[in-house]
Amino acid sequence: MQTLQPHDTLRLDEVKHLRDIFNAQNSKELKVAFDALNASIEISQEDLEIQFNRYFVGPMETVADPFASVYLDNPDVFMSKTTLYVRDLYETMGFTYSLKNVIPEDHLGVELDAYYQLLFLEIAKEITYLSDLRHYFLHEHLALWIPRFLERGLAQSERDSKAMTFILLQLKSLLIRETTTTRSS
Amino acid sequence: MSYSKEKVESILNNGISRRSFLKGLAASGVLTSLPGGILQANEDLNTKIPYVGQKNYQTFRNACPRNCYDTCSIKTYVKDGVMQFIEGATESTYTRGGCCVKGNSYVKRVYSARRLKFPMMQVGGKGSGNWKRISWDYAMETIAKKLLEMKKEDGTLLGAALTKYSGNFGITHYGVEGMFSSIGYTTRLAGTPCWPAGIDAQNLDMGDMWCNDPEEMKDSKFIILWGVNPASNSVHSMKYIYEAKKKGAKVVVIDPIFTEAASKASQYIQIKTGTDGLLALGMAKIIIEANLHDQKWLDANSKGYKEYKAYLDKEIKLDNVSKITGIPLAMIKELALSFAKAKPATVWMGYGMQRHTNGGSMIRAIDALVAVSGNIGKYAGGARYGHLSTWGFNYAALSQTKPEGSVGYTGVSAIKGEFAKESGAKAAYTDRSLNINKTARELLNAKEPKVRLLWVACKNVFSQDFDRNQLIRMFQQLDLVVVADQFFNETAKWADIVLPVATQFEEYDVNVSYWHYWLSLNEQAIKPLFEVKSDVEIAALLSKHMNKLEKGSCTFPQSVDTKVMTIKEFNPGIYEQFGIKSWEELKNGPVKAKAVIPYADGKFKTPSGKFEFYSDKALELFGNALPSYVEVRKPYDKFRMTSPHSRWSLHSQFQNLEWMEDMHPEPYVYINPDDAEAKMVKEGDTVAVFNKQGLLRVKAKLTDNVQAGTVLMYEQWYNNNIYNVNELVDDTSSDMGAFKTGAPGVALHDTFVNFRKL
Ligand code: SF4
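Residues numbered from 1 in each chain as written. Chains lettered and ligands numbered in written order. Predicted model: local features only at pLDDT ≥ 70, side-chain atom pairs only at ≥ 80, totals over all residues. Heavy atoms only, no water.

Q: Before we move on, can you summarise the overall build of chain A with the specific residues and values?
A: Within chain A, the regular secondary structure consists of eight helices and one strand. Listing every helix and strand of chain A by position from the N terminus yields α-α-α-α-α-β-α-α-α. On C-alpha atoms alone, chain A measures out to a radius of gyration of 16 Å, which is about the 16 Å that the 2.2 N^0.38 rule sets for 185 residues. With the C-alpha coordinates of chain A rotated into their principal frame, the extents come out at 45 × 40 × 30 Å. Counting over 185 residues, chain A shows a buried share of 62%. (Helix = DSSP H or I, 4+ residues; strand = E, 2+ residues; numbered from the N terminus. Rg over C-alpha atoms; globule rule 2.2 N^0.38 Å. Buried < 20%, exposed > 50% of the residue type's maximum accessible area, 1.4 Å probe, protein only.)

This is how it looks when you write it as structure tokens:
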């Protein structure tokens, strides 16, 4: 295994932290992942979660649902065509998903996990076997819906949460960087 | 960047190249290198290469539990664990392969992005909108601790109140009541906001509420749809009505509102609201005077006919009937005589009509009319209102014993409910019952101990109960409000803890109708999404946590399987009634109860064993032995407001789905053009509708479907809209209901308002 260049570590870590933010089960996990992004924003664990839930979880209507199908198929429904398409992609990537039919595969946290793992194989393990799939996933899927998700999240009037704006902008820069970066190999 | 889109798509779309790709993936060692996350490496790749060809559907049996006459038998099509579509079961001749617009949207409902997904707690006060995700264990521990603390401080659990009603009529959902029974004596919001006055009326007259099979209506010769709108709210019943009409039957709709059903009828009679009972009495008088009554049946099967006739002779003046009901006398005569001559003839009474201060007495008057005409106990006849004759389940989830040493209320009879009754030996204590139709007021007034915890299940209190402002005050006073629901609604907004509940597709259950005679199994068709749990699973988890904190404090089983719970509801009586040997036969499709004509044998469950025109019980309870004319509530404002159901929702359910929002996105007040003109209101104007209770701002629609002097506003809830018609409804009781369901109904339609252009 090669020694990772600092920028590669950074690249991998950023995907991982964003993944962990969207997969967090509680405020502690959320805060750890958020802090790992090096935000200079001071926010309590509880406030961070409250704002995160208002934006992305509920129980009230969210600012932006973190599901691809909501942007690509139908604004009110998940587990639709796009979810099943992503399910197929994961199968082809060699992934199994223990939350199958519980949390839709096109949830942002799950998709970032898939992306992170593929990138990890390429960069850290120098396995390029799945590189085409990663690019396909990025360009033909992530890049189609995440911008719309970001738009909705960032349009929240008066951008009322610095922390959420930070998360969304981090995701935005990640997407820009990944879609403009050449292949790793 | 270069990648081959074509190459990837060929792998994805072509079974053979996908297989070889996956094999190569396994061989290359990629999978062992994955860092691991929410997705895992598929270790079984070598043996389980996914089949990428067309997969067949799995099918499951389901039943719509949303409190609708039709209680459809549903067949659900699932592919790879995902619901694809549903259809009405073809085996049920009632559902006959179709569902309504609401049922057909079920896939979108189950997979709605708006579903409640995780247990959550509102921090920063009720209504603050600050929500934290909590684990099920934390949620249950919090509730359990609160309950035990209350029990310690008060010496009883009467400070814990349950309000549950009809958003999920699955039989195992009585486990919610069971859960409350299993912790001790508690407070229950008792009664029903729905149909109590009529239940009492039919029980007084016939000793039961038991309607003929609706499928028989196809052979009726005369059908009166009296204050009921099946074209919107029981769509499957319409085919029998159409069939009868096609065969020459007359279908008459009597309603103050020109409804969809009225538009399909042979004749529509617009009656002044709340005068239906008088019309029925007038019709009976005409029938008897024309000697068209069934004297033979009356002699053999009724009690008090003489007194009833004497009352009609003396008190009912036909000119008055015409004047008060607003229907020309000739029309009344024609209606009465043709109804009496047609055999068999039937009346279907809707639940709207009994939502008046004189609702029970109106149903009694109509029962009497059908009896006089000799149509009770006859095939394709009957005074139809509803029935619970196929509800003979074990109520296993409901029937829980109290923990040892439980202390409760003294001196009051046990809680009643129309579907299932608490049973067991007479105890020294009982639960405390509060009137569900005066929720806010009763909760506020309950003392010693005061109510500190409220559990809401299968119900959207803020949409369905009255006096919203008082409700908010009440909720804010409570230490802990738990709302278990499938969607975030206005009640959840005022909760401390919300618990996400499974839909019927995510659990086992069993269901029957209060209208037709079919029995349907409800199978679990898909895995529960996110962290949702069924009501009985929630009860079990609470039990586990209560017992962990204090052994023996809750008798509910500490773990349940919804399938096992469902099976426990069956008994030999059910099998016998439905002609099956085992519940497993229901996997092949719904089954229908053996044919029966209620009261055909002339046996009534009244004290006299006969149809009672004269009821001692009615005299004792309501001060009036005979079906007689009781004037409707006097107006307290300029216009009557009526708030029926719309076809796009079931109370507040379904309306939040995009299909419904597309078709019916916002509330209106429907005003007669004459009234509108007098107030200078034009179509589309925003008007304020107000009364002593509150004020609502809504757009006006002008239509003479509603009569002058009346405005109509649907009772439903709209997503992202603060409209709630119940802000204008006070909680005045209807005349009956306390006899059988524990509390009188609400005289919803005796609401009066004024309006002005804004
Ligand atoms: S709402 Fe009524 S008609 Fe519609 S699917 Fe459910 S039971 Fe059937």
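After that view, the rundown keeps rolling.
Q: Account for the packing of helix α6 (residues 108-123) of chain A against helix α8 (residues 162-180) of chain A, naming residues and giving values.
A: Working note: a packed helix pair is described by the angle between its axes plus the distance between those axes. Residue and element names in this part refer to chain A. Contact geometry for α6 and α8: axes closest at 14 Å, N-to-C directions at 40°. It follows that α6 is oblique to α8 by the angle criterion. For the crossing formed where α6 meets α8, the hand is left-handed. Between α6, through L108, L112, Y115 and L119, and α8, the contact on the second element is made entirely by L171, L174 and E178. Partitioned by chemical class, the residues of the contact of α6 with α8 number six nonpolar, no polar and one charged. (Axes fitted to C-alpha atoms, helices over the stretch in contact; angles between N-to-C directions. Parallel < 35°, antiparallel > 145°, perpendicular 65-115°, else oblique. Left-handed = near helix turned anticlockwise from the far one by under 90°. Contact = heavy atoms within 4.5 Å. Nonpolar A, V, L, I, M, F, W, Y, C, P; charged D, E, K, R; others polar.)

Q: An account of the UniProt feature "domain: 4Fe-4S Mo/W bis-MGD-type" (unreviewed entry) in chain B is needed here, citing residue identities and associated values.
A: On the UniProt side, "domain: 4Fe-4S Mo/W bis-MGD-type" (unreviewed entry) is annotated at positions that read residues 57-114 of chain B here. Split by type, residues 57-114 of chain B is 9% helix and 34% strand. Its first and last C-alpha atoms lie 26 Å apart. (UniProt positions renumbered as here; feature names shortened; annotations may be inferred.)

Q: Which residues make up the interface of chain B and chain A, and what values go with them?
A: Every contact between the two is made by 59 residues of chain B and, on the other side, 64 residues of chain A. Of the roughly 5600 Å² buried at the junction of chain B and chain A (both faces included), carbon and sulfur atoms supply 60%. On the chain B side of the interface with chain A, the three residues burying the most area are Y3, I38 and L39 of chain B, jointly 13% of the side's total. Joining chain B to chain A, the criterion identifies 10 salt bridges. The salt bridge partner of R87 of chain A is D80 of chain B, with a shortest N-O separation of 3.2 Å. Run the count over chain B and chain A and you get 26 residue pairs in polar contact (both at pLDDT 80 or more). Contributing elements (two or more residues each) for the side of chain B that touches chain A: α1 (5-13), α2 (15-27), α3 (30-33), β1 (39-41), β4 (82-88) and β6 (131-133) of chain B. Tallying contributions element by element places α1 of chain B first for the side of chain B that touches chain A, with six residues. Tallied by class, residues from the side of chain B that touches chain A come to 30 nonpolar, 16 polar and 13 charged. (Buried area = accessible area lost by both parts, 1.4 Å probe. Salt bridge = Lys/Arg side-chain N within 4 Å of Asp/Glu carboxyl O. Polar contact = N/O pair within 3.5 Å; in protein donor to acceptor, adjacent residues only side chain to side chain.)

Q: Explain the site of the ligand to me, and be specific about the residues and the numbers.
A: Lining the immediate surroundings of the ligand are C64, C68, D70, T71, C72, C100, K102, G103, H236 and L650 of chain B. For the shell around the ligand, the per-class residue count stands at five nonpolar, three polar and two charged. (Near = heavy atom within 4 Å.)

Q: Run through the nonpolar core, naming residues and quoting values.
A: Judged by nonpolar contacts, the single largest core of 131 residues is most densely connected at F56 and F149 of chain A together with Y111 of chain B. Per-element tally for this core: the top contributor is α6 of chain A, with 11 residues. Contact partners of F56 of chain A, with chain neighbours within four places excluded, come to F22, T62, A64, P66, F149, M164 and L168 of chain A. In this structure, Y165, L225, L318 and F604 of chain B belong to the second largest nonpolar core, which totals 109 residues. (Core = buried A, V, L, I, M, F, W, Y, C linked by side-chain atoms within 4.5 Å.)

Q: An account of the sheet that holds strand β23 (residues 591-592) of chain B is needed here, citing residue identities and associated values.
A: Residues and elements named next belong to chain B. Read across the sheet, three strands follow the order β21-β22-β23 without closing on themselves; strand pairing throughout is antiparallel. With one partner strand each, in any of the chains shown, β21 (509-512) and β23 form the two edges of the open sheet. As paired strands, β21 and strand β22 (residues 518-522) are joined by four bridges and run antiparallel to one another. Counterpart to V510 in the pairing with β22 is L521. (Pairing = 2+ DSSP bridges.)

Q: Residues and numbers for the pattern of salt bridges, please.
A: Residue and element names in this part refer to chain B. All told, the structure shown has 61 salt bridges over all chains when counted by the stated rule. Residue D154 is joined to R452 by a salt bridge in which the shortest nitrogen-to-oxygen separation is 3.3 Å. One end of the pair, D154, is in helix α5 (residues 136-154); the other, R452, is in the loop between α17 (439-445) and β18 (453-457), with 298 residues separating them in the sequence. With a relative accessible area of 11%, R452 lands in the buried category. The closest approach of N and O atoms between E177 and K164, which form a salt bridge, is 3.1 Å. Here the residue E177 occupies a position in helix α6 (residues 175-183), and K164 occupies one in strand β7 (residues 160-164), the gap between them amounting to 13 residues. The class of E177 is buried, set by a relative accessible area of 15%.

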